[in-house]
Amino acid sequence: MIPDGQTLSYDAAPAFSTPLRFFITAPLFGAAAGATLLAAPDLLDSRWTPGALAVTHLVAVGFMLTVMLGALFQVLPVVAGAVIPRSGPVATVVHLAMTIGAVCLAWGLGSGSHAFLVPATVLLGGGLALFVVAAFLGLRRIPVAQATPRDLRIALLGFAVAVALGITLALALGGRLDLPLLTVLKLHVGWALLGGSGVLLAAASWVVVPMFQITPNYPVALTRFWAMGTGAVLLVWSAAVYGELGSAELALSAVLAGLCVLFAVITLKLQRQSRRSVPDMTTRAFQIGMGSFIAGLVCVLVAQQSEHQVWPLLAGILILHGGFVSVIVGMLYKIIPFLAWLHLTQDVGKAPNMKKLQPDSPIRRHLALHAVALAALLIAAFVGNAWLIRLAGLLVVAEFALLLANIIKVLGNYRRAHAA
Ligand code: HEM
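Residues numbered from 1 in each chain as written. Predicted model: local features only at pLDDT ≥ 70, side-chain atom pairs only at ≥ 80, totals over all residues. Heavy atoms only, no water.

Q: Honestly, the coordination of the iron atom of the ligand in this entry has me stumped. Any pointers?
A: Octahedral six-donor coordination of a metal ideally yields angles of 90 or 180 degrees, compared with 109.5 degrees for tetrahedral four-donor coordination. Around the iron atom of the ligand, the protein contributes the donor atoms H57 (NE2) and H188 (NE2), which lie 2.0 Å from the metal centre. Around the iron atom of the ligand sit six donor atoms, and with donor-metal-donor angles ranging over 84 to 179 degrees the site reads as octahedral. Taken together, the residues H57 in helix α2 (residues 50–78) and H188 in helix α6 (residues 181–213) connect sequence positions 131 residues apart. Exposure class is identical for H57 and H188. Each is buried. (Donors = N, O, S within 2.8 Å, 3.2 Å for Na, K, Ca; no water. Tetrahedral: all angles 85-135°; square planar, octahedral: opposite > 155°, others 65-115°. Helix = DSSP H or I, 4+ residues; strand = E, 2+ residues; numbered from the N terminus. Buried < 20%, exposed > 50% of the residue type's maximum accessible area, 1.4 Å probe, protein only.)

Here's what the structure looks like:
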């Protein structure tokens, strides 16, 4: 069911290869994060180890940001009516810059050879800047009042702020800048996980949850005010962090956590009202995701009161792997077969049913493996045992390999149907 007042313009859809290249390279970074855990289990000794920072960015930039940018090449023209100028060549440059940049960033953070951080900052900064400019050129004629295009703008600005702060941090680590690292780090994490990723997830959910999961629409008040409200509180929180106003920062962190829990709880509530008799795999993935966000936010608040190093680790695993990876995987299993179906219908006039292009059982196997990997990561981080961490790493490699295999299978079905 498409939300009221929302129109989808499939004629403006970019070539299938434009978003697809992002969806194909992203799982490789997820697998690399698992392989790093397998090779160097001591990286989970604390959130500050070079290995932990490398794994964080293999997942956050290599997987999450890559899929989100790929999806935006599709969502902006089709959902927001914002046609990105020359989207094919722009996608090629952005994809190359983000892919090589993410490899350099992870290697630079993980190996401590900060020489890699300069090319990382140039490529990631340049790639994202090109995308943000192209996206805003596409959005310039779209009225700001519409919820999804407006919230997509806020998310793009959130990412721009996050990446600018990340680049500043990387240059400081390389000894090229002298600045209050912890302050900038807090701002970077807040803008990256909420200002960019969180707001983008919400803006996409306003459309895809009712559409793909056959639920009622989100409450109008939420779609109208959540992203702007979150952005406004994030700005005030940033001033409190920069001004080192401890109690104001804590209070505003709690307000931000409350806004995130509100989004997660309303999403879970809508899913329970779905007209689907049996919840599908995307609904299951969202349920894992929303539950992980809530648990992760509790760990963030506990970490602010406790010295124990395990809380920030659990928060990171729950929010990144349990939260964002789950919902992104859930969306990929809808978006990719849908795009294959759309392009087949447009190119050859007919297409197999989406369930034929992407059957349920491979998704079920993957989600089960993802849930096991998440549990193994949490137990391994809590216990701190090297063999448990290696096992968790192996499971993470397996789940991203299975995701990639399932994506390639859909492409095989698409090619066969196209040839037929
Ligand atoms: C694309 C450009 C980016 C660059 C250059 C970058 C760079 C950095 C650097 C240098 C650090 C701090 C390392 C330290 O304190 O020693 C850091 C921390 C962090 N970054 Fe990024 N980052 C980028 C993007 C992102 C994105 C897109 C996300 C999430 C969506 C993200 C999430 C994080 C997190 C969670 C931490 C904190 C890790 C911890 O404290 O355990 N970063 N980043």
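Having seen the structure, we can now continue with the description.
Q: I'm lost on empty space enclosed by the protein in this one. Help?
A: Empty space among the atoms becomes visible once a probe the size of a water molecule is rolled across them. With the rule as written, the count across this model stands at one cavity of 30 Å³ or more. Taken as a whole, the largest cavity holds about 440 Å³ of empty space. As for the largest cavity, its lining consists of 28 residues, and the residues nearest its centre are A71, V75, V208, M331 and I335. Among the elements of the structure, α2, α5 (147–173), α6 and α10 (310–348) are those that each provide at least two residues to the lining of the largest cavity. (1 Å grid on protein atoms, 1.4 Å probe; cavity = no way out; pocket = protein on both sides within 12 Å on 5 of 7 lines; lining within 4 Å. Points joined across faces, edges and corners; volume = space filled by probe spheres on them.)

Q: Looking at this structure, I do not really get the site of the ligand. What am I missing?
A: Taken together, 23 residues sit near the ligand, with R47, L53, H57, A60 and H188 positioned nearest. The contact in question runs from an oxygen atom of the ligand to an N or O atom on the side chain of R47, over 2.8 Å. At 2.7 Å, a side-chain N or O of H57 approaches a nitrogen atom of the ligand. Of the residues contributing to the shell around the ligand, the split by class is 17 nonpolar, five polar and one charged. (Near = heavy atom within 4 Å. Polar contact = N/O pair within 3.5 Å; in protein donor to acceptor, adjacent residues only side chain to side chain. Nonpolar A, V, L, I, M, F, W, Y, C, P; charged D, E, K, R; others polar.)

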